[in-house]
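# Structural overview
So the chains spell out like this:
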Amino acid sequence: MKDIFFCPEESNFYSNCLESFVLRNCQNSESIVEFGSGDGSPVINSLLRNKFDGLIQGFELNTSAWKAANSTIDEYNLTNKYIIHNSSLFNSSQPDAEYLVANPPYLPAPDNDIYMPLLFGGVDGATVTNDLLSLGYENVLVLISSFSNPTSTLNLAKENGYCVQNFMVLPLQFGYYSSDPKVKKHIEELQKNKMAFYSGDYYFLAGVLFNKCQESVIDLSNQLAQVMTSL
């Protein structure tokens, strides 16, 4: 739903997180579910650079993006590794998988009447992300923005039994869509209520791997919270 609107830097970051935290950790024929595949380029690029013997099932509502993705998947002979459904994951039977991965919409705004409605992430920007963390998958890789109420996401993850296994952070400048006056003004209001964290024109985007907590697993939730609220 979102990839066709990614800035190249964000798209590459998503690919790097996918490779570092998911694909390179897959030892067998793991199954992966992707929410909002867009044109599929981050996953396709990752598959071309890494050995992966499992199956990724993507879900994409935007028909134009879905068609573009399938064309590229066919071009690179990846049909046995990457299948994209032209539907919403939330309205599907939600296939079993070891991982759920996504760069979900995270723009906060009072409503979706913004430059790009498909990027609307709810009033605080965290709605879709938090919904994904409520689906119950064992491992969840998501990108989280520091101006999209990251504290609520970390709190919800903890309530749902998740620990932060790993993360990486990318500083980004506000872009065209996040600079929409309606969006920017709303983010300023969120900042006053400690629900958004940014400095000048910069914010943090974090790639976060959550997994169901086990006694032997180190939880980096506190470290991530410190980073995401430091601006």
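Look a little higher up for the structure.
Here's what I pulled together on the structure shown here. (Residues numbered from 1 in each chain as written. Predicted model: local features only at pLDDT ≥ 70, side-chain atom pairs only at ≥ 80, totals over all residues. Heavy atoms only, no water.)

### A look at the packing of aromatic side chains
On inspection of all chains with the given rule, the structure shows nine aromatic pairs. Pairing Phe 147 with Phe 174 gives two aromatic rings, centres 5.3 Å apart and planes at 20 degrees, and the pair type is stacked. Residue Phe 147 is found in the loop between strand S5 (139–145) and helix H5 (150–159), and its partner Phe 174 is found in the loop between strand S6 (162–173) and helix H6 (181–192); the two are separated by 27 residues along the sequence. Take Phe 147: its relative accessible area is 0%, and that puts it in the buried class. The buried category is assigned to Phe 174, whose relative accessible area is 10%. An aromatic cluster of at least three residues, connected via ring pairs, comprises Tyr 106, Phe 147, Phe 174, Tyr 198 and Tyr 203. Its guanidinium or amino end placed over the ring of Phe 174, Lys 184 lies 4.5 Å from that ring's centre, counting from NZ or CZ. (Phe/Tyr/Trp six-rings, centres within 6.5 Å; stacked < 30°, edge-to-face > 60°. Helix = DSSP H or I, 4+ residues; strand = E, 2+ residues; numbered from the N terminus. Buried < 20%, exposed > 50% of the residue type's maximum accessible area, 1.4 Å probe, protein only. Lys NZ or Arg CZ within 6 Å of the ring centre and 35° of its normal.)

### Some remarks on the sheet that holds strand S4 (residues 99–102)
Whether parallel or antiparallel, the strands of a sheet pair through hydrogen bonds between backbone atoms. Taken together, the seven strands give an open sheet; going across it, the order is S3-S2-S1-S4-S5-S7-S6, and neighbouring strands pair in mixed fashion. Looking along the sheet, the strands with just one partner apiece sit at the ends: strand S3 (82–85) and S6. Going across the sheet, the axis of each strand differs from the next one's by a mean of 20 degrees, ignoring polarity. Where strand S1 (residues 31–35) meets strand S2 (residues 55–59), five bridges bridge the pair, whose relative direction is parallel. Pairing of Phe 35 across the sheet is with Phe 59, part of S2. (Pairing = 2+ DSSP bridges. Axes fitted to C-alpha atoms, helices over the stretch in contact; angles between N-to-C directions.)

In short, shape yes, function no, at least from these values alone.
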